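Listed below are the residues making up each chain.
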2 protein chains.
Amino acid sequence: MNELTIRLDAHASMPLYEQIYEHIKKEIQNGGLPCHERLPSTRKLSVFLEVSRSTVTLAYEQLLSEGYIENQPGRGYFVNDLEGLYQINGGGGEIQKIPEKRPRQFQYDFSPSGVDLNSFPHNAWRKISRELLMENNQEFFRLGPPEGEEELRRTIANYVHQARGVQCRPNQVIIGAGNDYLLMLLDAVLGEKKVYALENPTYKKAYDIFRTLGNQVKTVEMDAYGMKVEDLEESKASIAYVMPSHQYPLGIVMPAGRRLQLLKWASKSEERFVIEDDYDSEFRYKGKPIPALQGFDTEGKVIYLGTFSKSIAPAIRISFLILPERLLERYRERGRRFSSTVSRMDQKILARFIQDGYYERHLNRMRSVYKGRHDVLLESLKPYHDLVRISGEYAGTHILLKLPEGMEEKRIIERAAEKGVGVYGLSAYYVQGQPSGATLILGYANLEESRIRQGVELLAEVLCKS
Amino acid sequence: MNELTIRLDAHASMPLYEQIYEHIKKEIQNGGLPCHERLPSTRKLSVFLEVSRSTVTLAYEQLLSEGYIENQPGRGYFVNDLEGLYQINGGGGEIQKIPEKRPRQFQYDFSPSGVDLNSFPHNAWRKISRELLMENNQEFFRLGPPEGEEELRRTIANYVHQARGVQCRPNQVIIGAGNDYLLMLLDAVLGEKKVYALENPTYKKAYDIFRTLGNQVKTVEMDAYGMKVEDLEESKASIAYVMPSHQYPLGIVMPAGRRLQLLKWASKSEERFVIEDDYDSEFRYKGKPIPALQGFDTEGKVIYLGTFSKSIAPAIRISFLILPERLLERYRERGRRFSSTVSRMDQKILARFIQDGYYERHLNRMRSVYKGRHDVLLESLKPYHDLVRISGEYAGTHILLKLPEGMEEKRIIERAAEKGVGVYGLSAYYVQGQPSGATLILGYANLEESRIRQGVELLAEVLCKS
């Protein structure tokens, strides 16, 4: 019983039975107690260790349930044959630490994916959270339906109808934790035999996501009206992913004629659909918002994707799909397998935030903040009108700056970065080919007006010296 | 200009330009203004309608940006060729409403997927939420890293080490909104050429999810120790999905020997991995919790999946993956494309909930609540020991009840349902084949002790009369 001379500590926080269990387990693992060895009976060991018999029994039971020892009825306890245990405990393998890549920090960051975080509606959000937490409703902690809370779905259906001209009923709305997740879910709902087509340039992340999910993904060239429908037809794709109200990154608005062509393309086959990513249509600084493509669709061919990441804050993690009626059955069969990714509480906060009018007020405020920044950016660029050509203005939260011939995108970005100015190249949004000439993307959502002025001044120095 | 006799209302809430825009758009849509028709100049129309010229210009600009009209420089404004517009507006398609299926409600619901909602730690959760909301930290509203908040990942790594014997560093922990999402993400990270193997019977939802994602999925038979490793080898699967600490639904604990065999199987090929779904190992009413398989793994072959759905509440929507180091590079390439699905706020609440000791106290409380229910259930079943055979007790939140020969599972479930008692059949968990004989699953997590007694009495009546 040498291996079982266990130094027990009655005053330790670890119970006695656990000390015995730990000791025997280690002895088995390090080979001190070889396989097929018989252990002393619980009675014998309890006498030897001067503990109660039930303490030893507890330790043996734990070893039994984890499979270290076995009980041969009438014969006693034996160490199990744990082939490979020694190597495994000795092994270790090569573990290699991969350093995390940190995104570069800029003093003036014209990132097109920013939103103004100072404007987050803290007070309203906090007030509603508090009210809901006080309600103490047990239902909040039960798992909600996979498609989302009825109340939020109704509220969203109503909102997108009024604000975006979307025609839908609440049961077509599917809530999810962000666009990336919803694209993943949609991909599973649509099933296997599909080919996606995206514009070129496009929102590269969507392209990468469709590919990562194992799909064939084609790119289709654009003209001034958006995706070329003849090229789309030729691509043999079945799902077209577009941003008709404000193409990212070019800022093109797809006109009514092209929209109808696109819907006609989709209507030609049962398996064709158009994904309308309506990511930032709330922000338009001239005229009314451009209505959603979905509102033109009467044949159930448009899958609408909306988000609160841009209009409230990315940290909210709430987006929504509006599926055409014809896809609801398929969603129910395949998509409902995936439990909801947004907590009921967050869904209830957002529903109330919209219902109580906070969302509309917040949007109005943001529209005015962003318009102010947009106007300052255009104004600061005015002195350089013979140097750069601006496009994509009057909507969204970024503009494009076409640089004079001979300038190299990468070099300008690098030299701006040296001055603390973050600007981004259009070429990064091309899946295939490259834009003719160098074009910069300047986002202005998360830069105060004075900083926009300073940033443009620094950028201009770079441009004038290049 | 007949079509342009617009009844304008200066007192309406809709601005004048918008009234003009809406009128012309409708006229174009219904064919009153046919394509290629020239519109009056802005000057002429403003005189005709007695409004300022800039009002008409605004309306025309909106029509231009939406593509209803075009501006031919020097010639004026013309209605665009919108082929298909009339049909599309007239269409409508067949829209068919599919009724939602509502799950059946029982007075005594022995659902195995329940959790005790009365025990949700309201006060602590509310207190922490309030504290965090007061901090007013702008960072909360920025999009966090895809893999989750550093703080929560550190807290979880620490917790699973202490509670489950898991060996990992915080950078191996990936946070996500629920197990279903994390399986989806993992599927994308692992890439295309893989075949899953699941136990039979198993957690059917995981099976359905892997299939819905387009994978080949095999089932492997079990013996008393869990998945048979020789059968697994034969199945040609590369990913084995198991629940070693408490198999669902059978409640089997995989002993150390079988665990080592499984790890050995995985170590034979670069692309083999074991997914350890450790869904309810917090709850064990005899001895210590069974340590996780992951802790045995020194070659980076185990992908650990943990959740707070069972231990706190499903509505929390927070689960986590612990990836082996060798998969981190692949996660970074493929998985990081998908933005985080859990809001930073919720991650911070949970991190603090664990750090401040609330989680441990909550677990202790739940263990005692569930043990109480478990004991009452076993006790109430005692008089029927010659009728039914119990297995899967002393852990988790459900037990199995093997019925006497000749009884039909479906019939018993139906007759119990008529008495308001929800019990579930083991056969539903079989992907292939059927269990020998009839077996019921009785979950007890969301039933108070008195109701368990009443429910068992009613169930016994059914059994005794069958």
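Remember, it's a predicted structure, so these values are computed and weren't measured experimentally.

*Asks:* Please clarify how the sheet that holds strand E10 (residues 302-307) of chain B should be interpreted in this entry.
*Replies:* Each strand in a sheet pairs with its neighbour through backbone hydrogen bonds, running either in the same direction (parallel) or in the opposite one (antiparallel). Residues and elements named next belong to chain B. As summarised here, the arrangement of the eight strands in space is E4-E11-E10-E9-E8-E5-E6-E7, forming an open sheet in which the pairing is mixed. Edge positions in the open sheet fall to strand E4 (173-176) and strand E7 (226-227), since each of these has one partner strand only. Bridge count for strand E8 (residues 239-242) against strand E9 (residues 273-277) is four bridges, and the pairing is parallel. Along E9, the bridge assignment pairs Val242 with Glu276. Across the face of the sheet, helix H6 (residues 150-164) comes into contact with E4, E10 and strand E11 (319-322) while running at roughly 110 degrees to E4.

*Asks:* I would appreciate a short explanation of the pattern of salt bridges in the present structure.
*Replies:* Opposite charge on two side chains makes pairing possible when the charged atoms of those side chains draw close. The tally for this structure, following the rule as stated, stands at 41 salt bridges over all chains. Between B:Arg337 and A:Asp208 there is a salt bridge, with its nearest N and O atoms 3.4 Å apart. With B:Arg337 in the loop between helix H11 (328-334) and helix H12 (344-355) and A:Asp208 in helix H8 (residues 204-212), the pair connects residues from two separate chains. Looking at B:Arg337, the relative accessible area reads 26%, which means it is partly exposed. Judged by relative accessible area, which is 22%, A:Asp208 ranks as partly exposed. A salt bridge links A:Arg272 to A:Glu233, with the shortest nitrogen-to-oxygen separation between them at 2.8 Å. One end of the pair, A:Arg272, is in the loop between helix H10 (256-267) and strand E9 (273-277); the other, A:Glu233, is in helix H9 (residues 229-235), with 39 residues separating them in the sequence.

*Asks:* Even after reading the chapter, I still don't get the relation of the copies chain A and chain B, so can you show me in this structure?
*Replies:* Both copies of the chain are related through a single rotation about an axis accompanied by a shift along the same axis. Least-squares fitting of chain A to chain B yields an RMSD of 0.2 Å, with the transformation described by 0.1 Å of translation along the axis and a rotation of 180 degrees. With respect to symmetry, the two chain copies, as superposed, fit the operation of a two-fold axis. Across chain A, the rotation axis passes nearest the C-alpha of A:Thr341, at a separation of 3.5 Å.

*Asks:* Would you explain the interface of chain A and chain B in this entry?
*Replies:* When the parts of a complex come together, some accessible area is lost, and that lost area is often used as the size of the interface. Each partner contributes to the interface: chain A provides 91 residues, whereas chain B provides 90 residues. Where chain A meets chain B, there are four salt bridges. For the interface between chain A and chain B, the tally reads 24 residue pairs in polar contact (both at pLDDT 80 or more). The element best represented in the side of chain A that touches chain B is helix H5 (residues 122-135) of chain A, accounting for six residues. Each residue belonging to the side of chain A that touches chain B can be placed in one class, and the counts come to 39 nonpolar, 23 polar and 29 charged.

*Asks:* What is the right way to look at the packing of helix H5 (residues 122-135) of chain B against H12(B) in this model?
*Replies:* Between two packed helices, what matters for the description is the angle formed by their axes and the separation of those axes. Residue and element names in this part refer to chain B. Where H5 meets H12, the closest approach of the two axes is 10 Å, and the angle between their N-to-C directions is 125 degrees. Between H5 and H12, the angle is such that the two are oblique. Remark: the crossing between H5 and H12 carries right-handed chirality. Residues Ala124, Trp125, Ile128, Ser129, Glu131, Leu132, Leu133 and Glu135 of H5 pack against Met345, Lys348, Ile349, Leu350, Arg352 and Phe353 of H12.

*Asks:* I'm lost on the packing of helix H1 (residues 16-29) of chain A against helix H3 (residues 53-65) of chain A in this one. Help?
*Replies:* Residue and element names in this part refer to chain A. Contact geometry of H1 with H3 gives a least axis separation of 8 Å together with a crossing angle of 45 degrees. Of the possible angle classes, the one that applies to H1 and H3 is oblique. Taken as a pair, H1 and H3 cross one another with a handedness that is right-handed. Within the contact between the two elements, H1 uses Leu16, Tyr17, Ile20, Tyr21, Ile24 and Lys25 and H3 uses Thr55, Val56, Leu58, Ala59, Tyr60, Gln62 and Leu63. A per-class count over the contact of H1 with H3 returns 10 nonpolar, two polar and one charged.

Parameters and conventions
Residues numbered from 1 in each chain as written. Chains lettered and ligands numbered in written order. Predicted model: local features only at pLDDT ≥ 70, side-chain atom pairs only at ≥ 80, totals over all residues. Heavy atoms only, no water. Pairing = 2+ DSSP bridges. Helix = DSSP H or I, 4+ residues; strand = E, 2+ residues; numbered from the N terminus. Contact = heavy atoms within 4.5 Å. Axes fitted to C-alpha atoms, helices over the stretch in contact; angles between N-to-C directions. Salt bridge = Lys/Arg side-chain N within 4 Å of Asp/Glu carboxyl O. Buried < 20%, exposed > 50% of the residue type's maximum accessible area, 1.4 Å probe, protein only. Least-squares fit on C-alpha atoms with pLDDT ≥ 70 in both. Polar contact = N/O pair within 3.5 Å; in protein donor to acceptor, adjacent residues only side chain to side chain. Nonpolar A, V, L, I, M, F, W, Y, C, P; charged D, E, K, R; others polar. Parallel < 35°, antiparallel > 145°, perpendicular 65-115°, else oblique. Left-handed = near helix turned anticlockwise from the far one by under 90°.

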